[in-house]
Amino acid sequence: MPIDKIDILSLIDILGLVAFTISGVFAGMQKKLDFFGIFVIAFVTALGGGTLRDVLIGHLPVGWMRNGDYSIIIFITYVITLLFHKYIKNFTKFLIISDSIGLGFFTLSGIQRGLEYGLDPGFCIALGTMTGCFGGVVRDILLNKIPMVFEKEIYATACIIGGLIYFALIKLNSHSVPADITCILSIFVIRLYAVKKKLSLPNLYKQ
Amino acid sequence: MPIDKIDILSLIDILGLVAFTISGVFAGMQKKLDFFGIFVIAFVTALGGGTLRDVLIGHLPVGWMRNGDYSIIIFITYVITLLFHKYIKNFTKFLIISDSIGLGFFTLSGIQRGLEYGLDPGFCIALGTMTGCFGGVVRDILLNKIPMVFEKEIYATACIIGGLIYFALIKLNSHSVPADITCILSIFVIRLYAVKKKLSLPNLYKQ
Amino acid sequence: MPIDKIDILSLIDILGLVAFTISGVFAGMQKKLDFFGIFVIAFVTALGGGTLRDVLIGHLPVGWMRNGDYSIIIFITYVITLLFHKYIKNFTKFLIISDSIGLGFFTLSGIQRGLEYGLDPGFCIALGTMTGCFGGVVRDILLNKIPMVFEKEIYATACIIGGLIYFALIKLNSHSVPADITCILSIFVIRLYAVKKKLSLPNLYKQ
C-alpha cells in the first residue's frame, strides 16, 4: 500500500513550522535539555498540531510522513536557532513571539484542511484551533509545565476569534489571500496583546 | 474529499453526551476554571471517548466532525448546567453520578460501533471500555487530578462486566433493546455501588 | 464495514509484545497497583507503540483489534509473569532488560510497517522510534514517573542508531534476516550499555 499522493507544503505550513520549531528550541533550552531532547521538543511542537489534525480527519498517513520537506524545514530551523541563540538574551520573549506566530499560521492551516474535507465553518474553526494549540500543549506537557492554553489566558480564544474573522471575510466575498492574512495577523495580535495586558477570560468566582 | 456519510446520533449517544458534559462542567467548576476553561473540559470529557473510539477503528473524520448535533448538545447542556448550578450544593456527588451515567451509555456506544465494524465480542468490550473511560481520563489529566480509572476503584471493571452481560444476553437471544438497557444499568449500578462501599479490586500486597 | 484483512503477527511482534508486557507488569508491581491496574499497564505498554504506529499511518482498525492473538499473548505473559515474580528479587533490573528487548523488537516492527506503506527510510526510522518508545512513555505517564525517554539518557537515540544500521545493511545487499537481527541486537546493546555506564547525550550547558 504505497502512498498515493504527496502533500504539498504551502507557504502557510512552512512559516508555521519555522515559528513553532523556534518556540520548541527556546522552550527546550529554558529547561536545559540536551541536543537530542531539544530536537524532540522542537519536532513535537512543530508537528503535534498537524498530526492531530490529520488523525482526526483521516488524512493518513499523516502529512509529515508523506513529504520529507516538513522534517528538513524543522531540522534546518533547529540548527540555525541553536547557532544564533547566543545573540538572544530574552528566551521567554522569543518563545512567546514565535509561539504566537505559529499559532496564527497553524490555525489557518487547520481551517483550510477542514474546508478541503468539506467540513462546516464551525468544525473548521474547531479543527484550526486544535491544530494551532496542540503542538504547544504537547511541548508543555513533555516539559512538565502547565500548558499555556489552560493558564486562564487568551490562547485558544485567539484562534477562535481569528477563525470567525476568516469566515466573516470569506462571506463578504473577500478574496482568499486577504482573508488568510487577516486571520493570521488577528490571532497574532490578540495573543500578544493578551500576554502584554495579562488579559484573561471573565471568571465565575470573583468577589 | 468531502464527507460521504453523516453520522446519525442515537439516543444512547445523546444521553451519554449530556451526562459527560454535566460531569465535565462540575469538574471544571470544582477547579474554579473560567467560562472557556469549563467549556473546554466539558467538550473534551464528552467527546474524548468517542474520538478515541473512532480513531482506533478508522471511522474518520471522527463522528463529531460529521454532525453538528454533537456540539450543539454539548453547548446547550453546558449553558443549562451553568445556569442551574447554584441550586446544587454537592458538586462531587453530581460529578460522580453524571460520570457513572455517561460511563454506561458510552461503553454501550463503543460496543455497538465495534459490532458495526465486525469486531469480535472481546474487542467490542475493549473498545466500549475505552470509549467509556477515555473522556474522564483526559478530563482528569487536564485538571491535574489522578484519573478516576487508576484509583484502585471499580471503574473500567464496571464497563467490562457490563459488556460481558450485554453479550451474554445477546447470546441468550435477547432482543437488542433489553440488552442495551441492562448493560447501561449494570454499569451504572456497579460503579455507584463501588463508590458507595469504597470497593476496590483485590491487592497483591496486603498483609 | 467489516474488517477486510487479518493482521498476521510476525515473530518480531510476538517477542516485542512479550518483552513489553513483562516490563509493564514489573513497572506496575513496583508501584503496588492492584491486579487490574497491573494488567492495564501491561496492556498499554505492550500495545501503545503499535497503536500509535497504526494510527499515524492509517492502518485502521489498529492491529490488535484485527487479531485476537495480540491480547492472548499479553494475557498469557501477564499471568506467567505474575506467577513467577516471587522468584525475582530485583524488579528494576528486570524492568530495564525487558524494556530494552521490547525497544529493539518494536523499533524493527515500526520500520517494517513503514516499508510496507512505501515510506522513505528516514520516516521508517522515525516511525520505528515512535513504535519502540511510545508504549514505555504512556506506561511512565500513567504511573506518574518521568518517561525514561526524556531522562537525558540514550533511549530514542538507540532506536535511531539501530534503524540507521538496518538501512546500511540493506543497502549493502544484506539479506533481510541478518539485518533484522543486527538492528534488534544493536538497539538492545546500546540501550543497556548506556544504562550501565550512565551515558547521556552531550549537553549545551556544561561548564
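On a predicted model such as this, the values are computed, not experimentally measured, just so you know.

Cut-offs applied
- Residues numbered from 1 in each chain as written.
- Chains lettered and ligands numbered in written order.
- Predicted model: local features only at pLDDT ≥ 70, side-chain atom pairs only at ≥ 80, totals over all residues.
- Heavy atoms only, no water.
- Helix = DSSP H or I, 4+ residues; strand = E, 2+ residues; numbered from the N terminus.
- Buried < 20%, exposed > 50% of the residue type's maximum accessible area, 1.4 Å probe, protein only.
- Contact = heavy atoms within 4.5 Å.
- UniProt positions renumbered as here; feature names shortened; annotations may be inferred.
- Phe/Tyr/Trp six-rings, centres within 6.5 Å; stacked < 30°, edge-to-face > 60°.
- Salt bridge = Lys/Arg side-chain N within 4 Å of Asp/Glu carboxyl O.
- Axes fitted to C-alpha atoms, helices over the stretch in contact; angles between N-to-C directions.
- Parallel < 35°, antiparallel > 145°, perpendicular 65-115°, else oblique.
- Left-handed = near helix turned anticlockwise from the far one by under 90°.
- Nonpolar A, V, L, I, M, F, W, Y, C, P; charged D, E, K, R; others polar.
- Expected span 1.5 Å × (residues − 1).
- Polar contact = N/O pair within 3.5 Å; in protein donor to acceptor, adjacent residues only side chain to side chain.
- Patch = residues over 30% accessible without salt bridge, like charges linked within 9 Å, V, L, I, M, F, W, Y side chains within 5 Å.
- Areas by Shrake-Rupley, 256 points an atom, 1.4 Å probe, with all protein chains shown as cover.
- Core = buried A, V, L, I, M, F, W, Y, C linked by side-chain atoms within 4.5 Å.
- Disulfide = S-S within 2.5 Å.

### Describing the overall build of chain A
Reasoning step 1: Assigned secondary structure in chain A consists of 8 helices and 0 strands.
Reasoning step 2: Listing each helix as α and each strand as β along chain A from the N terminus yields α-α-α-α-α-α-α-α.
Reasoning step 3: A total of 207 residues make up chain A; the buried ones form 54% of that total.
Reasoning step 4: For chain A, the proportion of contacts with a sequence separation of at least 24, taken over those separated by at least 6, is 75%.

### Thoughts on the UniProt feature "transmembrane region" (unreviewed entry) in chain A
All names here are of chain A.
Reasoning step 1: What UniProt calls "transmembrane region" (unreviewed entry) maps, in this numbering, to residues 6–26, 33–50, 70–87, 94–111, 123–142, 154–170 and 176–194.
Reasoning step 2: Annotation note: span residues 33–50, helix share 89%, strand share 0%, distance between end C-alpha atoms 24 Å.
Reasoning step 3: Annotation note: span residues 70–87, helix share 83%, strand share 0%, distance between end C-alpha atoms 26 Å.

### Focus on the packing of aromatic side chains
Reasoning step 1: With the rule as written, the count across this model stands at 30 aromatic pairs over all chains.
Reasoning step 2: Geometrically, the ring pair formed by phenylalanine 26 of chain A and phenylalanine 94 of chain A is tilted, given 5.5 Å between the ring centres and 50° between the ring planes. With a gap of 68 residues between them, phenylalanine 26 of chain A in helix α1 (residues 11–30) and phenylalanine 94 of chain A in helix α5 (residues 91–116) connect regions that are remote in the sequence.
Reasoning step 3: Classification of phenylalanine 94 of chain A by relative accessible area gives partly exposed; the value is 40%.
Reasoning step 4: On the numbers, 5.2 Å between centres and 90° between planes, the contact of tyrosine 166 of chain C with phenylalanine 167 of chain C is edge-to-face. Phenylalanine 167 of chain C carries the same exposure label as tyrosine 166 of chain C, and that label is buried.

### Details of the pattern of salt bridges
Residue and element names in this part refer to chain C.
Reasoning step 1: Tallied over the full model, the rule gives 12 salt bridges over all chains.
Reasoning step 2: A salt bridge links arginine 113 to aspartate 54, with the nearest nitrogen and oxygen atoms 2.5 Å apart. Residue arginine 113 is found in helix α5 (residues 91–116), and its partner aspartate 54 is found in helix α2 (residues 35–57); the two are separated by 59 residues along the sequence.
Reasoning step 3: Look at arginine 113 and you get buried, because its relative accessible area is 9%.

### Observations concerning the packing of helix α1 (residues 11–30) of chain B against helix α2 (residues 35–57) of chain B
Residue and element names in this part refer to chain B.
Reasoning step 1: With their axes 7 Å apart at the nearest point, α1 and α2 run at an angle of 140° to one another. Between α1 and α2, the angle falls in the class oblique. Two packed elements cross with a definite hand, and for α1 against α2 that hand is right-handed. Two secondary-structure elements touch here, α1 through Asp13, Leu17, Phe20, Thr21, Ser23, Gly24, Val25, Gly28 and Met29 and α2 through Ile38, Ile41, Ala42, Thr45, Ala46, Leu47 and Arg53.
Reasoning step 2: When the residues that make up the contact of α1 with α2 are grouped by side-chain class, the tally is 9 nonpolar, 5 polar and 2 charged.

### Here we look at helix α5 (residues 91–116) of chain B
Reasoning step 1: Between its terminal C-alpha atoms α5 of chain B stretches 37 Å, which fits the 38 Å expected from 26 residues at 1.5 Å a residue.
Reasoning step 2: After α5 of chain B finishes, the residue glycine 118 of chain B shows a positive phi value of roughly 75°.

### Focus on the side chain of serine 23 of chain B
Residues and elements named next belong to chain B.
Reasoning step 1: Tracing the sequence through the fold places serine 23 in helix α1.
Reasoning step 2: Among the residues examined, serine 23 registers a relative accessible area of 0% and is labelled buried.
Reasoning step 3: Setting aside residues up to four positions removed in sequence, serine 23 forms contacts with Thr45, Leu95, Ser98, Asp99 and Arg139.

### Overview of the side chain of arginine 139 of chain C
Reasoning step 1: Its location among the elements puts arginine 139 of chain C in helix α6 (residues 121–142).
Reasoning step 2: Polar contacts involving the side chain of arginine 139 of chain C include one to the side chain of serine 23 of chain C, which spans 2.9 Å.

### So, a nonpolar patch on the surface
Reasoning step 1: Taken together, Ile72, Phe75, Ile76, Val79, Ile80, Leu83, Phe84 and Tyr87 of chain A make up a surface patch of nonpolar side chains, about 840 Å² in accessible area.
Reasoning step 2: As for its placement among the helices and strands, valine 79 of chain A is situated in helix α4 (residues 69–84).

### A short note on the packing of α1 of chain A against α4 of chain A
All names here are of chain A.
Reasoning step 1: For the pair α1 and α4, the least separation of the axes is 9 Å and the interaxial angle reads 45°. In terms of their interaxial angle, α1 and α4 are classed as oblique. The two elements α1 and α4 cross, and the hand of that crossing is right-handed. Taking contact as the criterion, the partners of Ile14, Leu17, Val18, Thr21, Ile22, Val25, Phe26 and Met29 in α1 are, on α4, Tyr70, Ile73, Ile74, Thr77, Tyr78, Thr81 and Leu82.
Reasoning step 2: Considering only residue class, the contact of α1 with α4 consists of 12 nonpolar, 3 polar and no charged.

### Brief notes about the nonpolar core
Reasoning step 1: By size, the foremost hydrophobic cluster in this structure holds 124 residues, and its most contacted members are Leu17 and Trp64 of chain A, Leu17 and Trp64 of chain B together with Leu17 and Trp64 of chain C.
Reasoning step 2: When residues in this core are grouped by element, the largest group, 7 residues, is from helix α2 (residues 35–57) of chain A.
Reasoning step 3: Those residues within four positions of leucine 17 of chain A in sequence are excluded, and the remaining contacts are Leu9, Ala46, Leu47, Tyr70, Ile73, Ile74 and Phe106 of chain A.

### Points about unusual backbone geometry
Reasoning step 1: Cis geometry marks the peptide bond from leucine 60 of chain A to proline 61 of chain A, where omega comes out at -5°.
Reasoning step 2: Position of proline 61 of chain A relative to the elements: it lies in the loop between α2 and α3 (63–66).
Reasoning step 3: Notably, lysine 32 of chain B is not glycine yet its phi reads approximately 55°, a positive angle.
Reasoning step 4: Within the secondary structure layout, lysine 32 of chain B lies in the loop between α1 and α2.
Reasoning step 5: Accessibility expressed as a relative area gives 47% for lysine 32 of chain B, which makes it partly exposed.

### Focus: the state of the cysteines
Reasoning step 1: Overall, the coordinates contain 0 disulfides over all chains when judged by the stated rule.
Reasoning step 2: With no disulfide of its own, cysteine 183 of chain A lies 8.7 Å from the sulfur of cysteine 159 of chain A, the closest cysteine sulfur.

### What about the environment of valine 137 of chain B?
All names here are of chain B.
Reasoning step 1: By the element assignment, valine 137 lies in helix α6 (residues 121–142).
Reasoning step 2: A relative accessible area of 11% means that valine 137 is categorised as buried.
Reasoning step 3: With 93 residues separating them in the primary sequence, valine 137 and valine 44 have C-alpha atoms 9.9 Å apart.

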